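Analysis of the macromolecular model
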Amino acid sequence: MDLYQQNYRKLLQLLPDLHDMKGPAKLTALGHNDVNIDVIERHKRRLVLRMSHYLERLHGAAIPDPDMTIEVYLMAETVGVLTYTDCFGSRKVFCPELMAFSPLAKAELNHFLDQWLTKMIADGRLPSKPELAEKAN
């Protein structure tokens, strides 16, 4: 099994309803900031998600760090990173302005996603239930 399939299985472990996902979700764990997940695009065989972990700052609004865009190929059961942003900057696997593809960025970002998903599973993150979130507000 390759890295893209491993990442798919890890994401599916965190989001068991991945194939039916149409709106936002949160992955929560006691003592950790939430990871917000938004559906950017949804097609029959492909899903594009934005995953953001917000860091609290002493002064001002929280900032996303990291903030990743990933594509999920539902039939092939693979996940790959498209973009990555943190407090130091951003990276893209493909730059449409230059029609350039970076194999190095692709490898590094997908390895980071593997580590991030592994940590979220180890932290015991679970999808929050929408009805519980509404009652808390």
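Use the structure listed above.
My aim in this report is to walk through the structure given alongside it, one point at a time. (Residues numbered from 1 in each chain as written. Predicted model: local features only at pLDDT ≥ 70, side-chain atom pairs only at ≥ 80, totals over all residues. Heavy atoms only, no water.)

A word on the pairing of strand β6 (residues 89–92)
Put simply, the test is: DSSP-based pairing: two strands are paired if at least 2 bridges between them are found. For helices the rule is a DSSP run of H or I covering at least 4 residues; for strands it is a run of E covering at least 2, with both sets numbered from the N terminus onward.
As defined by bridge partners, strand β5 (residues 78–86) adjoins β6 across four bridges and the pair is classed as antiparallel. Along β6, the bridge assignment pairs Thr83 with Lys92. Between β5 and the antiparallel strand that follows it, β6, lie two residues.

Section: the packing of aromatic side chains
To be explicit about the condition: Pairing of aromatic rings covers Phe, Tyr and the six-membered ring of Trp, with a centre-to-centre limit of 6.5 Å; geometry is then stacked below 30 degrees between planes, edge-to-face above 60, and tilted otherwise. Here's how the labels work: a residue is buried when its accessible area is under 20% of the maximum for its type, exposed when over 50%, partly exposed in between, all with a 1.4 Å probe on protein chains only.
Taken as a whole and judged by the stated rule, the model has two aromatic pairs. An angle of 75° between the planes, with centres 5.2 Å apart, marks the rings of Tyr84 and Phe112 as edge-to-face. With Tyr84 in strand β5 and Phe112 in helix α2 (residues 103–122), the pair connects residues that are 28 residues apart, well separated along the chain. Overall, Tyr84 belongs to the buried group, its relative accessible area being 12%. When the centroid spacing of 6.1 Å and the interplanar angle of 35° are considered together, the rings of Phe112 and Trp116 count as tilted.

Considerations on the side chain of Thr69
Rule in force here: In protein, a polar contact means a hydrogen-donor-capable atom and an acceptor-capable atom, both N or O and within 3.5 Å, with residues adjacent in sequence counting only if both atoms are side-chain atoms; elsewhere, any N or O pair within 3.5 Å suffices. In what follows, a contact means two residues having at least one pair of non-hydrogen atoms within 4.5 Å.
Locating Thr69 in the fold gives a position in strand β4 (residues 63–73). Separated by 2.8 Å, the side chains of Thr69 and Thr83 make a polar contact. Residues contacting Thr69, with those up to four places away along its chain left out, are Val48, Leu49, Arg50, Gly80, Val81, Leu82 and Thr83.

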